[in-house]
Amino acid sequence: MSDSSPILLWFRRDLRLSDHAALCAACETGRPVIPVFIHDPLVEGLGAAPKWRLGLGIGALADSLSNKDSRLTLRRGADALEVLQTLIKDTGAGAVYWSRLYDPDSVARDTRIKETLKEQSIEARSFGGHLMFEPWTVETKTGGYYKVYTPFWNAVKNLGVDAPHATPGSIPAPSTWPTSDDLDSWDMGRAMDRGAEVVRPFVRLGEQAAQGRLGAFMAHIVAGYKETRDLPGVDGTSNLSENLALGEISPHQCWHAGRRAMEEGKQGAETFCKELVWREFAYHLMHHTPRILTHNWREEWEAFPWREDANTAEVMAWKQGCTGLPFIDAAMRELYVTGRMHNRGRMIVASYLTKHLMTHWRIGMDWFEDTLIDWDPASNAMGWQWSAGSGPDATPYFRVFNPETQLDKFDKDHAYRSRWIAEGMSNPHADALAFYEAIPRSWGLDPNDRYPDVIVSPAEGRSRALDAYSNRGF
């Protein structure tokens, strides 16, 4: 292929134009750049909410490219390699560039594609950007990977993080564009049904919105972030997980904003940077021990007697936000209306499912994978295993969060429970009522119902969890 042949720029979970190493490298060649998104089995296999949110993100990226006199080519196929090979034939492309992903299915797909294209004399290059530190670059003094967060933080906190790349001034276009699917024909929101209309107002879509989120957080919230991040009734977090999950903003951009805030003496900025590194830690663990996605990270926990039936009455009450415990129920209802859940709520609902209800963390992890618009494979898996006690850096199994005392501690003015629970309220919050519009009609729930009785009390659940823990000799 000649040096003037086009480059296929394969977008995946990097839906931005700024700080995009693969895009910058492609543009620097001066060759035509053809942006591509492929709907393959890994996309098809996403849960309802993540797939719907990805579809919105693809549309926003297409608009951004259009503003640069470029365009996004959409193709659907059962094999991403075959789709790329067809595009190469159609366009005369001599190279394919993409940003790396780290989950085992993506790694296997991308490795196969890279090896095959190179055999066919097609340049295939992968670039960083989804992480600040590549998993193979951070090692302990003995040469292994870090299994505990605090030493990991100490190892990377003073490492240089590359400055963000500027957005290319222009994207070289080909003389002719390949044909493209219509995004609407993919129907990526089909499984959301009526929930899409409820969740949509809470979405902050695209790169520009993500940058605005980061700026507002640094200007108004980060100083108190160390305290406010634990208060579910307060707008005290960055809410950037939605945009980081799809690469609408890069961790590098967030990190450098956090470091500047630290230099300005904003007290919560270091805590924010630590949360970014917690995300990195999850990805490094997924890279080194991919079993974290499917099996207990601590192998001895394979013998623990968790229940594995996802359809018991207790599990259904948990899913429906009808446990009779306001913190659990408020958090689950927030999930259905906004597509996200406050981090304190995530810890509490996960602890309750795995410890009070003695239900396997995979059931909760899979439910979040279907319902979160900020779903992230590494963070979701590690968060659930942390709460369950089976993962790295886990909360000890004997530490069982009490959802009643936790709510009293972190929602003293009742703002959170009042926003999300309608039963018994003379004038329910609009978001509490929106819950009934978002959920399946088959659940048969009504705001005029009596608030449900507690399915398993904190004391009862704690007792049976600790009995199981002790009897197994953990």
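This text follows the structure it describes.
Residues numbered from 1 in each chain as written. Predicted model: local features only at pLDDT ≥ 70, side-chain atom pairs only at ≥ 80, totals over all residues. Heavy atoms only, no water.

Trainee: Outline the environment of Pro168, listing residues and values.
Mentor: Topologically, Pro168 is positioned in the loop between helix 6 (149–156) and helix 7 (183–186). Accessibility expressed as a relative area gives 12% for Pro168, which makes it buried. Considering only alpha carbons, one finds Pro168 and Lys157, 11 residues apart in sequence, at a separation of 29 Å. Once you skip the residues sitting within four places of it in the chain, Pro168 turns out to touch Leu17, Leu23, Cys24, Cys27 and Lys68. (Helix = DSSP H or I, 4+ residues; strand = E, 2+ residues; numbered from the N terminus. Buried < 20%, exposed > 50% of the residue type's maximum accessible area, 1.4 Å probe, protein only. Contact = heavy atoms within 4.5 Å.)

Trainee: Could you give an account of the sheet that holds strand 3 (residues 73–76), with specific residues and numbers?
Mentor: A sheet is described by the order of its strands in space; here 5 strands give the open sequence 3-2-1-4-5, paired in parallel fashion. The open sheet has two free edges, formed respectively by strand 3 and strand 5 (123–127), since each of these has just one partner strand. Each strand of the sheet is rotated relative to its neighbour by a mean of 25°, with strand direction disregarded. With 4 bridges connecting them, strand 1 (residues 7–11) and strand 4 (residues 95–99) associate as parallel partners. In the strand pairing of strand 4, Leu8 is matched with Val96. The strands touched by helix 3 (residues 48–66) are strand 1, strand 2 (33–39) and strand 3; relative to strand 2, the strand with the most contacts, the crossing angle is about 170°. (Pairing = 2+ DSSP bridges. Axes fitted to C-alpha atoms, helices over the stretch in contact; angles between N-to-C directions.)

Trainee: Give a detailed account of the environment of Ser387, specifying residues and quantitative values.
Mentor: Mapped onto the fold, Ser387 is located in helix 18 (residues 377–388). Dropping the residues within four chain positions of it, Ser387 is found in contact with Met347, Ala350, Ser351, Thr354, Lys355 and Thr395.

Trainee: I'd like a description of the side chain of Asn380, backed by residues and values.
Mentor: Considering the arrangement of structural elements, one finds Asn380 in helix 18. A polar side-chain atom of Asn380 sits 3.1 Å from the main-chain carbonyl oxygen of Met365. Residues contacting Asn380, with those up to four places away along its chain left out, are Met365, Phe368, Glu369, Leu372 and Trp375. (Polar contact = N/O pair within 3.5 Å; in protein donor to acceptor, adjacent residues only side chain to side chain.)

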